[in-house]
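Spelled out, the chains give:
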Amino acid sequence: MGASFVPITVFTVLWGVVGIVCPFFAPKGPNRGIIQVVLMLTAATCWLFWLCAYMAQMNPLIGPRLSNETLIWIARTWGKPYA
Amino acid sequence: MSSDVANDQLGIYFWLKVRSRQDRAAKCREIKNIFGNGLNPHVNDFQRRYVTEVRRCSEMERKLRWVSGELSEPPPPPKPAPRIMTPREINILEERIDFIESEIQEVTRNAQNLKTDYLSLIELKILIEKTQTFFQDHSAHRKISASVQVYNNEGVTGHLGFIAGVVATPRVASFERMLWRISHGNIFFKQAQIDEPLKDPVTGHELQKTVFVVFFHGEQIKLRVKKVCTGFQATLYPCPATYKDQQDMLAGVESRIKDLEMVLEQTEQHRKLVLANIARDLSTWMVAVRKEKAIYHTLNMFSMDIIKKCLIAECWVPRQDLPLLQKALDDGVKASGSPIPSIMHHVRTHETPPTFNRTNKFTRGFQNLIDSYGIASYREVNPALYTIITFPFLFAVMFGDMGHGLIMTTFAAIIIIFEKTLSKNKSDNEIWNIFFGGRYIILLMGIFSMYTGLIYNDIFSKSLNIFGSSWMNVYDNVTLRKYKMLDLDPLDAYTKTPYPLGIDPAWQFASNNIIFLNSFKMKLSIIFGVVHMAFGVTLSVVNFNYFSKPYMILLQYIPQILFLLLLFWYLCIMMFMKWIMYSTEATDPAFGSACAPSVLIMFINMMLLKDTEVRSPCKPFMYDGQNALQRTFLTVGFLCIPVMLFGKPLYQKMKKRKHSSGVEEGESQKTEEAEESMGEMMITQAIHTIEYVLGAVSHTASYLRLWALSLAHAQLSAVLWQRLLRMGLGGGGPIMAIPLYAIFAVWAFFTLAILVLMEGLSAFLHTLRLHWVEFMSKFYEGQGYAFLPFSFAVILEHDEDDVKPKPTSGTQ
């Protein structure tokens, strides 16, 4: 598994707070139900979207095909100098 | 929609007891209070009791409108909140309006008379001036004619007589011919055109007039000439012969003209003053009169019960508002001071109430999107609540670009910040009204687009590198110099953990970018599609639960959801498994990258009961027991189809049989389902089942449009940058700023026009289709009719449509 513990926890907890905890604190009034549904749906859809993007890249089966110039440039600027 | 997912109505009658005309008017005030809450009166029969009052109000309105037409400029706006008037006040107002109308009419008539006189005087003055020239000739002529007579040795028959007058220029030629004919050529006709056209006092048109003088000899010809003049509507003026008399007359006429001018001016001033006085109150009166008219229209909708002497109205009221209604009735009774209370009476009716969804300015846009497809049936679950988030989200999946999302969000935010001022200017521009009405939708779409743009890592087709890429260079100088393009192998060039937030920025430069993104986005689309559809099917449970049809959950929902999940959610599970289980660094080569199966092929083979052929070391299945499990899922899924097909009809049949044994006891079955014949129900159920089963496949595939549009958007954005903006970013000195300026303008224009507007509209449409067809067909009935709350504005609008073609009819 190419998953890393930190991002998964962070984003799951983030959207979990938005979708599960925040609805309890929705302001009382005629719109309480709407706000709760909005929060829950937002959290669910955004979390699932992030999860798909994360899982699709966990175990990549192909890698990017880059030009040699790009490789030189990313080697220099992204801090992993070439051998 | 605020507190519940369904709406709630109640049919009520309410009675207004009326004793006298005063009472009736007081009830009018009550009505205004009541209807302010929003009821929906039945518009079934219209009783014509109050037709005369309505006509009176129409008359007043017509007079007021005429007066406002007489004003030189539009009247000032009405004072805020004019209150309802009592009948006495209305009578007083009516008299006042009558008085004003007659006064203005009289003033106008006087002005016209004066203007006619003025015109005659002007004509006379010009006549005298012009005829002076004739007479100069005339004295010469007389000498000639006198000499002729002396020559002919006839007695002097007297001076030549003459008639002077003014005639309209177009008629002069025929006038002259006529005179010539009737006088057998024995007249002398002289004419001179008046240069400046004169204004006709009645019509205001300008007329060309000609001064003429006819010289003749003898009484008979004079009579004939006069007759011709009257025939041609020529005005005759007494004109003195001698020069001195003419000058005196001219002086007199000129002084009279001056006097008349002064009088005219004063008349005009007076008229303006009268109008100005009225102008201030005009609009207020108009509104008050219209409100009266609306009240009488409303009273017309009541039916009069002569025995009990009261007015009865039927209407629908939202159950939540009942206490408000009661309070309004009580307030009205108190305000009118009438000893007789108004009664509200609940009526049990079998009619279907209208559908009322309470919305605020935020939710109204989404409710409109759903209502455009069909108004929800009474008390059905309202999909608009969920659409608030799913609509912008699915839009954003297709639109995902942070830059374009930012543009949309900014645009919507600006409109929303200024929405109060903007909503005051009522615009006729359809497109602006659509954008303004949908401002909250656009705001949400923009915000979600920014989020999906962040995950797709796409801002104007460029990527952000916030957390550091997971791909690195592993080639040395020699290799790099030798090859133009190099593949990064996940075995060594990958840092083992993915980019934490979204797509890795390294993919931005990759030439095989699309291969990776296609795989990702297609899977994403199917996953979201199945989730959305499953959500839709589950909403039908809410309906079944509310309408107390628990058997439907077993007979319809369970088979439907099983069919959907066992087949298509299993497809999604396979996708997740492929993402987890297959890797380039797997120790078991069966789970290596070379052996990664195509999920689609596996799914098709599952459905067709085919076996996958693979070369070793690859395995045909992902996990042990997959074949057996898949076959089980397939069997159960297909067994659900007959349950869907026959479940409900068989259940109804059994229920009917059970009930028919109890009919002898005199029970009457009123349920509609019992009356429906078996054949009809079977056909309906068959259609429903086929629609669902085939729909499950086709709708799942339909969600692939999420992938297609997102791909198109990304490609368009990339093309615009690489082929357009890149040209200006070449650099090479400060002077290159000028072409960059121009190129940026073109790029910005195309970004807005094509990517934001056109693609935005396209994605909006596709999302709407996904909601209407793929989502709502799973549970939505949409057979309701809208609740139209009573409002004065609506009634007056109706009335205006009546007034324009038929001014005499007062009622609807």
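Residues numbered from 1 in each chain as written. Chains lettered and ligands numbered in written order. Predicted model: local features only at pLDDT ≥ 70, side-chain atom pairs only at ≥ 80, totals over all residues. Heavy atoms only, no water.

## Considering the overall build of chain B
For step 1, the next point in the chain: Tallying secondary structure elements over chain B gives 24 helices and twelve strands in all.
For step 2, the next point in the chain: Put simply, chain B has 812 residues, and 45% of those count as buried.
For step 3, the next point in the chain: When contacts within chain B are restricted to residue pairs at least 6 apart in sequence, those whose partners lie at least 24 apart make up 81%.
For step 4, the next point in the chain: Surface summary for chain B: the accessible area is close to 42700 Å², and the carbon and sulfur share equals 61%. (Helix = DSSP H or I, 4+ residues; strand = E, 2+ residues; numbered from the N terminus. Buried < 20%, exposed > 50% of the residue type's maximum accessible area, 1.4 Å probe, protein only. Contact = heavy atoms within 4.5 Å. Areas by Shrake-Rupley, 256 points an atom, 1.4 Å probe, with all protein chains shown as cover.)

## Focus on the pairing of strand E3 (residues 161–168) of chain B
Residue and element names in this part refer to chain B.
For step 1, the next point in the chain: Relative to strand E7 (residues 209–216), E3 is paired through eight bridges, and the arrangement is antiparallel. Within E7, the position partnered with Ala164 by the bridge is Val213.
For step 2, the next point in the chain: By the bridge criterion, three bridges tie E3 to strand E8 (residues 235–237) in an arrangement that is antiparallel. From the neighbouring strand, Val166 faces E8, where its bridge partner is Thr235. (Pairing = 2+ DSSP bridges.)

## Some details on the sheet that holds E8(B)
Sheet strands line up and pair through hydrogen bonds in the backbone, either parallel or antiparallel.
All names here are of chain B.
For step 1, the next point in the chain: Spatially, E4-E7-E3-E8 is the arrangement adopted by the four strands of the open sheet, whose pairing is antiparallel. Strand pairing shows two members of the sheet lacking a second neighbour, strand E4 (188–193) and E8, which therefore form its edges. Ignoring strand direction, the axes of neighbouring strands in this sheet form an average angle of 25°.
For step 2, the next point in the chain: Strands in contact with helix H4 (residues 172–182) are E3, E4 and E7; relative to E4, the strand with the most contacts, it is inclined by about 170°.
For step 3, the next point in the chain: Together, E3, E7 and E8 form the strand contacts of helix H5 (residues 219–231), whose direction differs from that of E7 by roughly 165°. (Axes fitted to C-alpha atoms, helices over the stretch in contact; angles between N-to-C directions.)

## With respect to the packing of aromatic side chains
Aromatic ring pairs are reported here in terms of the distance separating the ring centres and the angle at which the planes meet.
For step 1, the next point in the chain: The final tally for this structure, using the stated rule, is 46 aromatic pairs over all chains.
For step 2, the next point in the chain: With a centroid separation of 4.9 Å and an interplanar angle of 35°, the aromatic rings of Phe11(A) and Trp50(A) are classed as tilted. One end of the pair, Phe11(A), is in helix H1 (residues 5–21); the other, Trp50(A), is in helix H2 (residues 32–58), and 39 residues separate them in sequence.
For step 3, the next point in the chain: With 5.8 Å between their ring centres and 90° between their planes, Phe411(B) and Phe435(B) make a pair best called edge-to-face. On the criterion of sequence distance, the pair formed by Phe411(B) in helix H10 (residues 402–417) and Phe435(B) in helix H12 (residues 430–437) is long-range, its members being 24 residues apart.
For step 4, the next point in the chain: Residue class for Phe411(B) comes out partly exposed when judged on its relative accessible area of 37%.
For step 5, the next point in the chain: Put simply, the rings of Trp15(A), Phe49(A), Phe393(B), Phe448(B), Tyr451(B), Tyr456(B), Phe520(B) and Phe528(B) touch in pairs and so form one group of aromatic residues.
For step 6, the next point in the chain: When the ring centre of Phe436(B) is taken as reference, the NZ or CZ atom of Arg439(B) above it lies at 4.3 Å.
For step 7, the next point in the chain: Lys521(B) extends its terminal NZ or CZ atom over the ring of Tyr456(B), reaching a point 4.5 Å from the ring centre. (Phe/Tyr/Trp six-rings, centres within 6.5 Å; stacked < 30°, edge-to-face > 60°. Lys NZ or Arg CZ within 6 Å of the ring centre and 35° of its normal.)

## Some words on the nonpolar core
Nonpolar side chains tend toward joint burial in soluble globular proteins.
For step 1, the next point in the chain: The biggest cluster of nonpolar side chains holds 120 residues, and the ones touching the most others in it are Phe49(A), Phe520(B) and Phe563(B).
For step 2, the next point in the chain: Examining the composition of this core, we find that 17 residues originate from one element, helix H17 (residues 550–581) of chain B, more than from any other.
For step 3, the next point in the chain: For this core, the domains that each give at least three residues are domain 4 (364–545 + 707–784) and domain 5 (549–661 + 669–703) of chain B.
For step 4, the next point in the chain: In this view, Phe563(B) contacts Phe568(B), Gly637(B), Cys640(B), Ile641(B), Met644(B), Tyr692(B), Val693(B) and Ala696(B); residues no more than four positions away in its chain are not counted.
For step 5, the next point in the chain: Leu119(B), Leu124(B), Val211(B) and Leu250(B) belong to the second-largest nonpolar core, a separate cluster that totals 22 residues. (Core = buried A, V, L, I, M, F, W, Y, C linked by side-chain atoms within 4.5 Å. Domains from an automatic or database assignment.)

## Focus: the UniProt feature "transmembrane region" (unreviewed entry) in chain A
All names here are of chain A.
For step 1, the next point in the chain: Taking the UniProt record as the reference, the feature "transmembrane region" (unreviewed entry) is found at residues 6–26 and 33–56.
For step 2, the next point in the chain: For residues 6–26, the helix share is 76%, the strand share is 0%, and the end-to-end C-alpha distance is 29 Å.
For step 3, the next point in the chain: A helix fraction of 100% and a strand fraction of 0% characterise residues 33–56, whose end C-alpha atoms lie 35 Å from each other. (UniProt positions renumbered as here; feature names shortened; annotations may be inferred.)

## Notes on the UniProt feature "coiled-coil region" (unreviewed entry) in chain B
For step 1, the next point in the chain: In the UniProt entry, the feature "coiled-coil region" (unreviewed entry) is given for residues 90–117 of chain B.
For step 2, the next point in the chain: Secondary structure across residues 90–117 of chain B divides into 100% helix and 0% strand, with the first and last C-alpha atoms of the span separated by 41 Å.

## Digging into H5(B)
All names here are of chain B.
For step 1, the next point in the chain: Helix length check: H5 (13 residues) gives 19 Å between terminal C-alpha atoms against 18 Å at 1.5 Å per residue, within 8%.
For step 2, the next point in the chain: Among all positions of H5, only Ile221, Val225, Val228 and Cys229 are buried. For H5, the angular spread of the buried residues around the axis is 100°, confining them to a single face. Of the residues in H5, the exposed ones pointing more than 90 degrees away from the buried face are Glu219, Gln220, Leu223, Lys227, Thr230 and Gly231.
For step 3, the next point in the chain: Buried residues along H5 sit against E3, H4, E7 and E8.
For step 4, the next point in the chain: Count one or two residues on from H5 and you reach Gln233, which has phi positive near 55°. (Expected span 1.5 Å × (residues − 1). Arc of directions from axis to C-beta.)

## Considering the domain arrangement of chain B
Residue and element names in this part refer to chain B.
For step 1, the next point in the chain: What the domain assignment lists for chain B is domain 1 (1–39 + 303–354), domain 2 (50–120 + 255–300), domain 3 (136–240), domain 4 (364–545 + 707–784) and domain 5 (549–661 + 669–703).
For step 2, the next point in the chain: A straight line from the C-alpha centre of domain 4 to that of domain 5 covers 31 Å.
For step 3, the next point in the chain: Across the boundary between the two partners, domain 4 contributes 26 residues, which contact 26 residues of domain 5.
For step 4, the next point in the chain: In total, about 2400 Å² of surface goes out of reach between domain 4 and domain 5, with carbon and sulfur atoms giving 75% of it.
For step 5, the next point in the chain: The interface formed by domain 4 and domain 5 holds one salt bridge in total.
For step 6, the next point in the chain: Across the salt bridge formed by Glu585 and Lys496, the nearest N and O atoms sit 3.3 Å from each other.
For step 7, the next point in the chain: Where domain 4 touches domain 5, the interface holds six residue pairs in polar contact (both at pLDDT 80 or more). (Buried area = accessible area lost by both parts, 1.4 Å probe. Salt bridge = Lys/Arg side-chain N within 4 Å of Asp/Glu carboxyl O. Polar contact = N/O pair within 3.5 Å; in protein donor to acceptor, adjacent residues only side chain to side chain.)

## Structural notes on the environment of Leu71(B)
All names here are of chain B.
For step 1, the next point in the chain: Along the polypeptide, Leu71 turns up in the loop between helix H2 (51–70) and helix H3 (87–152).
For step 2, the next point in the chain: Relative accessible area serves as the criterion here: at 11%, Leu71 is assigned to the buried category.
For step 3, the next point in the chain: Sequence separation between Leu71 and Lys272 is 201 residues, and the spatial gap between their C-alpha atoms is 8.2 Å.
For step 4, the next point in the chain: Contacts of Leu71, omitting those with residues within four sequence positions, involve Leu275, Ala279 and Leu282.

## Section: unusual backbone geometry
All names here are of chain B.
For step 1, the next point in the chain: With phi around 75°, Lys496 is a residue other than glycine that occupies positive phi space.
For step 2, the next point in the chain: With respect to the helices and strands, Lys496 occurs in the loop between helix H15 (490–493) and helix H16 (513–546).
For step 3, the next point in the chain: Looking at Lys496, the relative accessible area reads 36%, which means it is partly exposed.

## A word on the UniProt feature "transmembrane region" (unreviewed entry) in chain B
Residues and elements named next belong to chain B.
For step 1, the next point in the chain: The UniProt record marks residues 385–418, 438–456, 524–545, 557–577, 628–647, 703–721 and 741–768 with the feature "transmembrane region" (unreviewed entry), using the residue numbering of this structure.
For step 2, the next point in the chain: As a span, residues 438–456 carries 95% helix and 0% strand, and end to end its C-alpha atoms are 26 Å apart.
For step 3, the next point in the chain: The distance from the first to the last C-alpha atom of residues 524–545 is 32 Å, and the span holds 100% helix and 0% strand.

## A closer look at the interface of chain B and chain A
Often, the extent of an interface is quoted as the loss of accessible area on bringing the components together.
For step 1, the next point in the chain: With 67 residues of chain B at the contact, the number on the chain A side is 46 residues.
For step 2, the next point in the chain: Overall, the association of chain B and chain A removes approximately 5200 Å² of surface from exposure, summing both partners, and the carbon and sulfur fraction of that is 73%.
For step 3, the next point in the chain: Inspection of the region where chain B meets chain A yields one salt bridge.
For step 4, the next point in the chain: Across the pair Arg65(A) and Asp487(B) runs a salt bridge whose closest N-O atoms are separated by 2.8 Å.
For step 5, the next point in the chain: When strand E1 (residues 65–67) of chain A meets strand E12 (residues 485–487) of chain B, the two strands line up antiparallel, connected through three bridges.

## Overview of the pattern of salt bridges
All names here are of chain B.
For step 1, the next point in the chain: If you walk through the whole model with that rule in mind, you get 14 salt bridges over all chains.
For step 2, the next point in the chain: Two residues, Glu123 and Lys209, come together in a salt bridge whose shortest N-O distance is 2.8 Å. With Glu123 in helix H3 and Lys209 in strand E7, this pair connects stretches of sequence that are 86 residues apart. Comparing Glu123 with Lys209, the two get one shared label, buried.

## Focus: the state of the cysteines
Residue and element names in this part refer to chain B.
For step 1, the next point in the chain: Counted by the stated rule, this structure contains one disulfide over all chains.
For step 2, the next point in the chain: The partner cysteine of Cys595 in its disulfide is Cys618, sulfur to sulfur 1.9 Å. Here the S-S torsion is close to -80°, and the disulfide linking Cys595 with Cys618 is therefore left-handed. In this pair, Cys595 sits in the loop between H17 and helix H18 (599–608) while Cys618 sits in the loop between H18 and helix H19 (626–660), placing the two residues 23 residues apart along the sequence. (Disulfide = S-S within 2.5 Å.)

## Some words on the environment of Asn518(B)
All names here are of chain B.
For step 1, the next point in the chain: Counting through the fold element by element, Asn518 comes out in helix H16.
For step 2, the next point in the chain: Along the sequence, Asn518 and Leu223 sit 295 residues apart, while their C-alpha atoms lie 106 Å from each other.
For step 3, the next point in the chain: The contact partners of Asn518, leaving out residues within four places of it in the chain, are Trp707 and Leu711.

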